[in-house]
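What follows is the residue order along each chain.
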Amino acid sequence: MKIKIKILGEFEMTEKNMCRTVLAALLIGALSLFAADSASAAWSTDLVGQAAVTSFGEMISALEFPPAGDDMDKAWVLTDPDGDAAFWWRQEAKSGRMFDAYLCFDAEPFVKAGLDLKKLPDDMKGMLEDRGKLMIGKKLSDKPLEYEGEITPLSSFEQIVKLDRESIGYHAALDHYGITVADGSLFEWAKDMSKNDKDIVFVVDPKVFTEAGVDPLKVEGWVYDKVPLEDARGRKFEAEKFLRPFNLK
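The rules behind these values
- Residues numbered from 1 in each chain as written.
- Predicted model: local features only at pLDDT ≥ 70, side-chain atom pairs only at ≥ 80, totals over all residues.
- Heavy atoms only, no water.
- Helix = DSSP H or I, 4+ residues; strand = E, 2+ residues; numbered from the N terminus.
- Buried < 20%, exposed > 50% of the residue type's maximum accessible area, 1.4 Å probe, protein only.
- Contact = heavy atoms within 4.5 Å.
- Areas by Shrake-Rupley, 256 points an atom, 1.4 Å probe, with all protein chains shown as cover.
- Pairing = 2+ DSSP bridges.
- Axes fitted to C-alpha atoms, helices over the stretch in contact; angles between N-to-C directions.
- Parallel < 35°, antiparallel > 145°, perpendicular 65-115°, else oblique.
- Left-handed = near helix turned anticlockwise from the far one by under 90°.
- Nonpolar A, V, L, I, M, F, W, Y, C, P; charged D, E, K, R; others polar.
- Salt bridge = Lys/Arg side-chain N within 4 Å of Asp/Glu carboxyl O.

**Q** Honestly, the overall build of the protein in this entry has me stumped. Any pointers?
**A** In terms of regular secondary structure, the protein is built from six helices and 13 strands. When burial is assessed residue by residue, the protein has 39% of its 249 residues classed as buried. Taking the contacts inside the protein whose residues are at least 6 apart along the sequence as the reference set, 52% of them involve residues at least 24 apart. Roughly 14,600 Å² of accessible area belongs to the protein as shown, and the carbon and sulfur atoms make up 54% of that amount.

Have a look at this one:
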């Protein structure tokens, strides 16, 4: 038996081939539903991810000045109480953007401590000329962000947790959640601010700075110290970091 179907012109399709086409369409639909259900199930069982979002919202509520929106960069900006450092994170996926999540902070304390700006990577100096800031960040997933309601600092952060889950972690030694913006550099916040005197912490890997001439003990406004960490296998070790901690409550 032959069936004639008109779709932008006439062609012939046998009954057998038509069944195969219908079956393929059904399979594609079923796989799409399965993928959506799997993503939903993964999120519903991701206790660390969900707790990170909840505690991030509590931290935002405790800030004297809430995160501001940057319309040009389509990002949120959380500035520290002193106004010298900030954490930026995207509101939407945007091609051509250098970073989707990053730290920016005053360059002057590092320059005074010996920093040779010429020895820094170019991508760290994107805000140097017009704002006097250094940047450390990363590009995130280009998948479209799917908001269910209003676009807010918290809902944008939740999108990062869902689409770039590997960026989010828990730092047991300080009882912090954090988002990694580059190898060894993070923005962290307390799991429970009522039990922690370091509610937010800007964490910067010192290696690129010490290699560019910085005396780490002379950087004003930053604490240079060893931080207890764990590797992927749970093995404990210590690493030197620049830290900028704040107690919000």
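Continuing now.
**Q** I keep staring at the sheet that holds strand S8 (residues 168-171) and nothing clicks. Help me out?
**A** Across a sheet, strands are paired by hydrogen bonds formed along the backbone, either parallel or antiparallel in direction. On the basis of which strands lie adjacent, the open sheet formed by six strands has the order S8-S9-S10-S11-S13-S12 and antiparallel pairing. The sheet is open, and its two borders are formed by S8 and strand S12 (223-230), each paired with just one other strand. With strand direction ignored, the average angle separating the axes of adjacent strands in the sheet is 35 degrees. Here strand S11 (residues 200-204) runs beside strand S13 (residues 236-246); their pairing, made up of five bridges, is antiparallel. Considered in S13, the bridge of Phe202 is made with Arg244. On top of the sheet, helix H2 (residues 47-62) reaches S8, strand S9 (176-182), strand S10 (185-190) and S11; it is set at about 75 degrees to S10, its chief contact.

**Q** Any chance you could explain the environment of Asp215 here in plain terms?
**A** Its location among the elements puts Asp215 in the loop between helix H6 (207-210) and S12. Through-space distance from the C-alpha of Asp215 to that of Leu115 is 8.1 Å; in sequence the pair is 100 residues apart.

**Q** Just to check I follow, could you spell out the packing of H2 against helix H5 (residues 153-163) for this structure?
**A** When two helices pack together, their arrangement is given by the angle between the helix axes and by the axis-to-axis distance. Here H2 crosses H5 at 155 degrees, and the two axes come no closer than 10 Å. Between H2 and H5, the crossing angle belongs to the class labelled roughly antiparallel. Between H2 and H5 lies a crossing of right-handed hand. Residue-level inspection shows Gly49, Ala52, Val53, Phe56, Gly57 and Ile60 of H2 in contact with H5, the latter providing Pro153, Leu154, Phe157, Glu158 and Val161. Partitioning the contact of H2 with H5 into residue classes produces eight nonpolar, two polar and one charged.

**Q** For this particular structure, what's the right way to read the pairing of S11?
**A** If a strand is regular, its side chains alternate between the two faces of the sheet. Within S11, five of the five residues are buried, which leaves it mostly tucked inside the rest of the structure. Of the two faces of S11, the one lined by Ile200, Phe202 and Val204 and the one lined by Val201 and Val203 are each fully buried. Relative to S11, S10 runs antiparallel, the two sharing four bridges. Of the residues in S11, the one forming a bridge with Glu188 is Val201.

**Q** So what exactly am I meant to see when it comes to the pattern of salt bridges here?
**A** When the charged atoms of two side chains lie near each other, side chains of opposite charge can form a pair. Tallied over the entire structure, the rule returns 16 salt bridges. Residues Arg97 and Asp73 are paired through a salt bridge, measuring 4.0 Å at the closest nitrogen-oxygen approach. Within this pair, whereas Arg97 is found in the loop between strand S5 (85-90) and strand S6 (101-106), its partner Asp73 is found in the loop between strand S3 (68-70) and strand S4 (75-79), the two being separated by 24 residues in sequence. Each of the two residues, Arg97 as well as Asp73, counts as buried.

**Q** What am I meant to see in the sheet that holds strand S7 (residues 133-138) here?
**A** Strand order across the open sheet formed by five strands is S3-S4-S5-S6-S7, with antiparallel pairing between neighbours. Bordering the open sheet on either side are S3 and S7, each of which pairs with just one other strand. Strand-to-strand twist across the sheet, computed as the mean angle between neighbouring axes with direction ignored, equals 25 degrees. Of the strand pairs in this sheet, S3 and S4 are connected by three bridges, and their pairing is antiparallel. Among the inter-strand pairings, Ala68 is bridged to a residue of S4, identified as Val77. Along the sheet, H5 makes contact with S4 and S5, crossing S5 at roughly 70 degrees.

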